[in-house]
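What follows is the residue order along each chain.
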Amino acid sequence: MPDPVAVSTPGGALLVWALILPAAGALLALALGGRHAERIVLVLMPVGLGLAVAVAAGVLRANAVLVYVVGGWAPPLGLALRADGLSAAMMITTAVVVCAVGLFARADFQTPQGSLEARAPLAFWTLLLGLWGALNAVLLGDDLFNLFVALELLTFAAVPLVCLDGRAETLSAALRYLLFALLGSMLYLLGTVLLYGAYGTLDIVLLSDRVRAEPAAWTAVTLMTVGLLAKTALFPLHLWLPPAHAGAPAPASAVLSALVVKGSFILVVRLWFDVMPGVPGHAAAQILAALGAAAIVFGSVLALRQARLKMLIAYSTVAQLGYLFLMFPLAAGPGVAPLGAWTGGLLQAISHAFAKAAMFMAAGLIAQALGHDRIAGLGGIGRVLPMTVFAFALGGLSLMGLPPSGGFVAKWLLLTAAIDSGQWWWALVIVAGGLLTGGYLFRVLTPALADTDGHLPAHAPVARYREAVVLGLALVSMVLGLLPLASFGLLQIGRLDMAAVP
Amino acid sequence: MSEVTLFGLGASALVGIGLYGFIIQPEPLRRLLAFNLLGSGVFLLFGVIARRGAAAGMGGDPIPQALVITGIIVAFAGSALAVALLLRLHQADRGGAAPGGDAPPAGGGDGDRT
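Conventions used here
- Residues numbered from 1 in each chain as written.
- Chains lettered and ligands numbered in written order.
- Predicted model: local features only at pLDDT ≥ 70, side-chain atom pairs only at ≥ 80, totals over all residues.
- Helix = DSSP H or I, 4+ residues; strand = E, 2+ residues; numbered from the N terminus.
- Rg over C-alpha atoms; globule rule 2.2 N^0.38 Å.
- Buried ≥ 20, exposed ≤ 12 C-beta atoms within 10 Å, placed from the backbone.
- Contact = placed C-beta atoms within 7 Å.
- Core = buried A, V, L, I, M, F, W, Y, C linked by C-beta atoms within 7 Å.
- Axes fitted to C-alpha atoms, helices over the stretch in contact; angles between N-to-C directions.
- Parallel < 35°, antiparallel > 145°, perpendicular 65-115°, else oblique.
- Left-handed = near helix turned anticlockwise from the far one by under 90°.
- Nonpolar A, V, L, I, M, F, W, Y, C, P; charged D, E, K, R; others polar.
- Expected span 1.5 Å × (residues − 1).
- pLDDT = per-residue confidence, 0-100.
- Pairing = 2+ DSSP bridges.

Moving on, we come to the overall build of chain A. Summing up its helical and strand segments, chain A has 20 helices and two strands in all. Whereas a compact globule of 502 residues would reach a radius of gyration of roughly 23 Å, chain A reaches 22 Å, a difference of no more than 12%. Here the C-alpha coordinates of chain A stretch approximately 75 × 55 × 40 Å along the principal axes. Per-residue burial over chain A gives 64% buried out of 502 residues. Look at the contacts in chain A between residues 6 or more apart in sequence, and 80% of them connect residues 24 or more apart.

In structure tokens, the structure reads:
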């Protein structure tokens, strides 16, 4: 059977700009230095958001993928960029979260008056652009090796964000994160070379035609999945995540928890559904979901036991990442239930991104106001920062899966898919996870909203616009739940595993 | 035994040793070295695959050779970042100057504070 030759589609050039602009901005920020770094980010934020929306509009209008064949060299010799509905939706998510974090972080990472340049602000703004470009590359790549490079760029942009303050404990958290990530990337690369050896191409579209269920493919998918799970911090490879995400400055925690871990998750989805649909088999998908279920239970229970707010939110990320992996046994194959599970799993990734970014930034504001983030000492904060605490609670509702949030729709779709396909045990996990999530949220909200007889805790002022940014993100995670279900059709466009099914 | 098989087995051995070392060593520096061993095994495997896929009249398939160069650069960059973090951690642990977010103006790198 001759391989289909990839050709650039109209609008494909947008994909190149989505990669070039952040990369060029990062280089320029580093070259010009000083205050220019922040200005470059502020200029690129609306441009990048516009590009992401344009890509999504292009995918929706054509009802097909956007492709750009770089340099006119078609795969397997050349590289292609490919935006399907999943890429487009995640690109918009990335752009919105990055823009919100950028606005929020202006107060944290300002170059001090009187000095030309400071290390932490320059590093933060440059890395933020690098991270954005790397995420776009992860979402648009169509070549497994190209994706490896994108994933490494993402890691190298994310690790220094953990230790911006240079304290020993954050340095050691960053080092642990980096070592996990490096091991993950080597396992991924090992799988890639096996696939190339067996099938002679690394292009996702071409591979999906050629891959068969045989030992070479099984070994490769196992190695690559384990490697990617180390980067996604799925239980039991989550040990690096809580200290790294909790130790980072609040805006950095927000991008790390909301976006960076999703990058490697999206690659697992690509691998299991696009590259080799059905090859890993039902039992393997059950194992993956079992790890997800364990992550939900362990992450939530550990979150319940934390004394510090940021640690609690970080463990909640461990738990919420578990939900993402429930989609693997539920979304395979044709039919209505798998379709819902696919939408539910990805919607969980998207709504968690908005909710978690809002919660980490809310925690940052609370810590700034009170000077600490001990949960026991949160008394009265609800009166000091009502908008922030409200945003935190809204984000929490989405994590719990209460209507009308995006998290509710996501978990509802997963739940119905589990019941419809007769895999009721995953439904139990989803419900139990929601209850546990409620438990740790009430641990925070009870002291935060406690009546302190009019005594306000001693607090530092917090800029109003920063509270508004946090609330805005939390509201986005809510609004996702109010959209009609049909509007998530975008997520189905360009699925390679569906193309194979008549 | 053909040379492809021989080198393939060598690559597997390196991957195995690297993985073993990475898992059992608690010291970050040793884990980093184990990571590099693992990496060497993977890169050798790229060479083996290039050799095996050689077309008539060519010494090897050029694509894996092009990929392996990128792979080596990425592994090098990762190792350099890890070593830089280790050095900073060592300084901070000795109670040395661990500058906060407001280091003096441009110019001075981070490594030259000793």
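Further notes follow.
Secondary structure summary: chain B contains three helices and zero strands in total. Listed by position from the N terminus, the elements making up chain B come as α-α-α. Counting only residues that meet the buried cut, chain B has 29% of its 114 residues in that class.

A few words on the nonpolar core. Val55, Ala357 and Leu414 of chain A are the most contacted members of the largest nonpolar core, which has 245 residues in total. Residues in contact with Val55 of chain A, not counting those within four places in the same chain, are Leu14, Leu15, Ala18, Leu66, Ala83, Ala88 and Met91 of chain A.

Next up on the list: the packing of helix 8 (residues 215-232) of chain A against helix 10 (residues 250-275) of chain A. All names here are of chain A. The N-to-C vectors of helix 8 and helix 10 enclose an angle of 160°; their axes lie 8 Å apart at closest approach. Looking at the two axes, helix 8 sits roughly antiparallel to helix 10. Relative to helix 10, helix 8 is oriented so that their crossing is left-handed. On helix 10, the residues that touch Val221, Met224, Thr225, Leu228, Lys231 and Thr232 of helix 8 are Val261, Ser264, Phe265, Leu267, Val268 and Leu271. In terms of residue class, the contact of helix 8 with helix 10 is built from eight nonpolar, three polar and one charged.

Residues and elements named next belong to chain A. Spanning 16 residues, helix 19 (residues 464-479) covers 22 Å between terminal C-alpha atoms, matching the ideal 22 Å at 1.5 Å per step. For helix 19, every residue scored as buried is listed here: Arg466, Glu467, Val469, Val470, Leu471, Leu473, Ala474, Val476, Ser477 and Met478. Among the structural elements, helix 3 (85-105), helix 14 (336-370), helix 16 (386-400) and helix 17 (406-420) are those in contact with the buried residues of helix 19.

Moving on, we come to the interface of chain A and chain B. Taken together, the contact between chain A and chain B spans 33 residues of the former and 36 residues of the latter. Per element, the largest residue contribution to the side of chain A that touches chain B is 15 residues, and it comes from helix 6 (residues 168-199) of chain A. For the side of chain A that touches chain B, a count of residues per class yields 22 nonpolar, six polar and five charged.

Another aspect to go through is the confidence of the model for chain B. All names here are of chain B. In this model, chain B carries a mean pLDDT of 81, and residues with pLDDT of at least 70 account for 79%. Here residues 97-114 is a poorly scored stretch, pLDDT under 50, and it has 27 contacts once near neighbours within four places are set aside; other chains count. In the model output, the complex is listed with pTM 0.90 alongside ipTM 0.87.

To continue, consider the packing of helix 6 of chain A against helix 3 (residues 62-93) of chain B. Viewed as axis vectors pointing N to C, helix 6 of chain A and helix 3 of chain B meet at an angle of 165°, and their least axial separation amounts to 9 Å. On the basis of their axis angle, the class for helix 6 of chain A and helix 3 of chain B is roughly antiparallel. Along this stretch, helix 6 of chain A crosses helix 3 of chain B, giving a crossing that reads as left-handed. Two secondary-structure elements touch here, helix 6 of chain A through Ala168, Leu171, Ser172, Ala174, Leu175, Leu178, Leu179, Leu182, Leu189 and Tyr196 of chain A and helix 3 of chain B through Pro64, Gly71, Gly78, Leu81, Ala82, Leu85, Leu86, Arg88, Leu89, Ala92 and Asp93 of chain B. Classifying every residue of the contact of helix 6 of chain A with helix 3 of chain B by side-chain character gives 16 nonpolar, three polar and two charged.

Turning next to unusual backbone geometry. Only a minority of non-glycine residues have a phi that is not negative, and only a minority of peptide bonds are not trans. Residue and element names in this part refer to chain A. In this chain, Phe235 is followed by Pro236 through a cis amide linkage whose omega measures 0°. Tracing the backbone through its elements, the reader meets Pro236 in the loop between helix 8 and helix 9 (241-247). One non-glycine residue, Asn63, lies in positive phi territory at about 50°.

We now examine the pairing of strand 1 (residues 66-69) of chain A. Here is the key point about a regular strand: its side chains alternate between the two faces of the sheet. Residues and elements named next belong to chain A. Because side chains alternate across strand 1, one face comprises the buried residues Leu66 and Tyr68, and the other comprises Val67 and Val69, equally buried. Pairing analysis gives four bridges linking strand 1 to strand 2 (residues 80-83), with the strands arranged antiparallel. Looking across to strand 2, one finds that Tyr68 is bridged to Leu81.

This part covers helix 18 (residues 424-448) of chain A. Residue and element names in this part refer to chain A. Over its 25 residues, helix 18 extends 37 Å from the first C-alpha to the last, a length consistent with the 36 Å expected when each residue adds 1.5 Å. Buried residues of helix 18: Trp426, Val429, Ile430, Gly433, Gly434, Leu436, Thr437, Tyr440, Leu441, Val444 and Ala448, and no others. Structurally, helix 18 contributes buried residues whose contacts are with helix 11 (281-304), helix 12 (309-324), helix 13 (327-330), helix 15 (381-384), helix 16 and helix 17.

Turning our attention to the environment of Ala26 of chain A. All names here are of chain A. Assignment of secondary structure puts Ala26 in helix 1 (residues 13-32). Using a count of 26 C-beta atoms within 10 Å as the deciding quantity, one classes Ala26 as buried. Along the backbone, Ala26 and Leu128 are 102 residues apart, and their C-alpha atoms lie at a distance of 8.2 Å. Aside from chain neighbours lying at most four places away, what touches Ala26 is Thr126, Leu129, Gly130 and Gly133.

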